[in-house]
Amino acid sequence: MPRRGLILQTRTHWLLLGLALLCSLVLFLYLLECAPQTDGNASLPGVIGENYGKEYYQALLQEQEEHYQTRATSLKRQIAQLKQELQEMSEKMRSLQERKNVGGNGIGYQGNKEQAPSDLLEFLHSQIDKAEVSIGAKLPSEYGVIPFESFTLMKVFQLEMGLTRHPEEKPVRKDKRDELVEVIEAGLEVINNPDEDDEQEDEDGPLGEKLIFNENDFIEGYYRTERDKGTQYELFFKKADLMEYRHVTLFRPFGPLMKVKSEMIDITRSIINIIVPLAERTEAFAQFMQNFRDVCIHQDKRIHLTVVYFGKEGLSKVKYILESVTSESNFHNYTLVSLNEEFNRGRGLNVGARAWDKGEVLMFFCDVDIYFSAEFLNSCRLNAEPGSQKGFWLLARFWLWNDLSVSIRFPNHWWI
């Protein structure tokens, strides 16, 4: 029995030794398989069977790096925009919550009356703090710079006109004149009645009296408008017998947006009567009808066409074009008025307008050269008022063989 146990123990020992050697061999083969290749001619990752040089992988690495840098820049910009929008929304929500609390705490009319000016004044001061008059702004290029316009007591020098008009002009619009006069008067008030914190010393005249500036001492001024913040004014004053200039900076902040009205406009039943006076120009009329078929018949489908034709020559061709459109598109909403007279556009528009007898309609006084779209027709419907006598004018610009502006008034109707 002891001998048999010794034999069994010896066999177990050799079996364990064999298993250990087998595991060592498997581990060695695994390490050889996973070890990186040291052969300089070995192929790198890429298309199987092809060898790539160092330059290829450097270019590939640079391309990937540029891609990730561009992506990172885009993400940073989006994060900055989202942060700004979140901050604006938080301010709006806080303002609304404050107003709600004021209304819910039982504060009467007098309390609201005292609270509203305080909130408005705080908002206006925030507009000044955000404007470039107080702090600079990072601009993407020189095209983002808001230019200054200069002015004197009698003239305004504008840059927006470019070379199309003389930059020097008189402010003929009453609102512009009143604005500049108000600004100069405000600047004089600042100089003649300075606050305690104004950085200027009291100057006396030659006889010891206090210097009083007036509008004749105004030299020049500059102004520019940030559309979402306000208008900045730089004013310069000087007495004739003094060497020093007085410089005043003013800012007119824009107030918050206020709702005037909110309404729903239904234009589904609004018909447009396009009135076209015409004489001879049949080829142009054929092109006009091609655009009319594509836009008015196939897309809009709420159009009536009135053609007022002068003379006999070409009348048969116009009739043939209208009949062709009728047969092809099953369109019958048109009226052809023939006048044996010399061409007169005003006469043609008048006759075409009076030819309509089917109730309320929006009239579009049109020329045969005009090209319009379905979006323009909807703009006409949105910007016209039925039966209005308020002198409403709609200035429409069209693509034409050359640029054309149309502005026509027709009383007691919708007009364009």
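The structure presented is a predicted model; accordingly, all values stated were derived computationally and were not measured. (Residues numbered from 1 in each chain as written. Predicted model: local features only at pLDDT ≥ 70, side-chain atom pairs only at ≥ 80, totals over all residues. Heavy atoms only, no water.)

(A) Layout of the overall build of the chain. Counting its secondary structure elements, the chain contains eight helices and 12 strands. Here the chain holds 416 residues, and 28% of them are scored as buried. For the chain, restricting intrachain contacts to residue pairs at least 6 apart in sequence, the fraction spanning at least 24 positions comes to 63%. With an accessible surface of roughly 30,500 Å², the chain has 55% of that area assigned to carbon and sulfur atoms. (Helix = DSSP H or I, 4+ residues; strand = E, 2+ residues; numbered from the N terminus. Buried < 20%, exposed > 50% of the residue type's maximum accessible area, 1.4 Å probe, protein only. Contact = heavy atoms within 4.5 Å. Areas by Shrake-Rupley, 256 points an atom, 1.4 Å probe, with all protein chains shown as cover.)

(B) Region of interest: the nonpolar core. Judged by nonpolar contacts, the single largest core of 33 residues is most densely connected at I274, F285, F288, M289, F292, L305 and F372. Contributing elements (two or more residues each) for this core: strand 7 (272–278), helix 5 (282–300), strand 8 (303–310), helix 6 (315–329), strand 10 (362–365) and helix 8 (374–382). Once you skip the residues sitting within four places of it in the chain, L305 turns out to touch N273, I274, V276, F288, M289, F292, L322, N333, Y334 and T335. By size, the runner-up hydrophobic cluster in this structure holds 16 residues, among which are F151, L180, V183 and L211. (Core = buried A, V, L, I, M, F, W, Y, C linked by side-chain atoms within 4.5 Å.)

(C) A look at the environment of R227. Inspection of the secondary structure puts R227 in the loop between strand 4 (218–226) and strand 5 (230–237). On the basis of relative accessible area, R227 is assigned to the exposed category, the value being 72%. In sequence terms R227 and P253 are 26 residues apart; their C-alpha atoms lie 10.0 Å from each other.

(D) Structural detail: unusual backbone geometry. A positive phi angle, close to 70°, is found at E280, a residue other than glycine. Positive phi, normally seen in glycine, also occurs at N330, with a value near 55°. As for its placement among the helices and strands, N330 is situated in the loop between helix 6 and strand 9 (334–339).

(E) Main features of the packing of helix 5 against helix 6. The contact between helix 5 and helix 6 brings their axes to 10 Å, and the two run at 20°. It follows from the interaxial angle that helix 5 and helix 6 lie roughly parallel. For the crossing formed where helix 5 meets helix 6, the hand is right-handed. Of helix 6, the residues touching helix 5 (which contributes T282, F285, A286, M289, R293, I297 and H298) are K317, V318, I321, L322, V325, E328 and S329. The class makeup of the residues in the contact of helix 5 with helix 6 is eight nonpolar, three polar and three charged. (Axes fitted to C-alpha atoms, helices over the stretch in contact; angles between N-to-C directions. Parallel < 35°, antiparallel > 145°, perpendicular 65-115°, else oblique. Left-handed = near helix turned anticlockwise from the far one by under 90°. Nonpolar A, V, L, I, M, F, W, Y, C, P; charged D, E, K, R; others polar.)

(F) Main features of the sheet that holds strand 10. Pairing is parallel across the open sheet formed by four strands, whose spatial order is 9-8-7-10. Only two strands of the sheet have a single neighbouring strand rather than two, namely strand 9 and strand 10. This sheet shows a mean twist of 20° between the axes of neighbouring strands, independent of strand direction. Across seven bridges, strand 7 lies against strand 8 in parallel orientation. Paired with I272 across the bridge in strand 8 is I303. Contacts from helix 5 reach strand 7 and strand 8, with the element oriented near 165° to strand 8. (Pairing = 2+ DSSP bridges.)

(G) Spatial organisation of the confidence of the model for the chain. Residues of the chain with pLDDT of at least 70 account for 75%, and the chain-wide mean is 77. For the stretch residues 102–115, pLDDT sits under 50, and the model shows four contacts to residues farther than four places along the chain or on other chains. Counting contacts from residues 389–416, a segment whose pLDDT is below 50, to residues more than four positions away or on other chains yields 72 contacts. (pLDDT = per-residue confidence, 0-100.)

(H) Main features of a nonpolar patch on the surface. Taken together, the side chains of L15, L16, L19, L22, L25, V26, F28, L29 and L32 present a nonpolar region at the surface, about 910 Å² in accessible area. Note on placement: L19 falls in helix 1 (residues 2–34). (Patch = residues over 30% accessible without salt bridge, like charges linked within 9 Å, V, L, I, M, F, W, Y side chains within 5 Å. Salt bridge = Lys/Arg side-chain N within 4 Å of Asp/Glu carboxyl O.)

(I) Inspection of the sheet that holds strand 2 (residues 156–157) at higher detail. Taken in spatial order, the six strands make up an open sheet running 3-2-1-4-5-6, and their pairing is antiparallel. Looking at which strands have only one partner, the edges of the open sheet turn out to be strand 3 (168–169) and strand 6 (246–253). The pairing of strand 2 with strand 3 spans two bridges and is antiparallel. Bridge pairing in strand 3 places V156 opposite E169. This element, helix 4 (residues 174–192), spans strand 1 (149–151), strand 2, strand 4, strand 5 and strand 6 of the sheet and lies at about 125° to strand 6.

(J) Here's a closer look at the pairing of strand 9. Bridge count for strand 8 against strand 9 is six bridges, and the pairing is parallel. Residue Y309 lies in a different strand from strand 9, and its bridge partner there is S338. Between the parallel elements strand 8 and strand 9, the chain passes through helix 6 in a crossover that is right-handed. (Right-handed = clockwise from strand over helix to strand, strands pointing away.)

(K) Focus on the state of the cysteines. Under the criterion given, the structure shown has zero disulfides. Looking at the unpaired C296, the closest cysteine sulfur is the one in C366, lying at 8.8 Å. With relative accessibility at 2%, the residue C296 sits in the buried group. (Disulfide = S-S within 2.5 Å.)

(L) A look at the packing of helix 5 against helix 8. Packing of helix 5 against helix 8 brings their axes to within 9 Å, and their N-to-C directions diverge by 70°. Judged by the inter-axis angle, helix 5 sits roughly perpendicular to helix 8. Here helix 5 contributes V295, C296, Q299 and D300 to the contact with helix 8, which in turn contributes A374, L377, N378 and R381. The residue makeup of the contact of helix 5 with helix 8, split by class, is four nonpolar, two polar and two charged.

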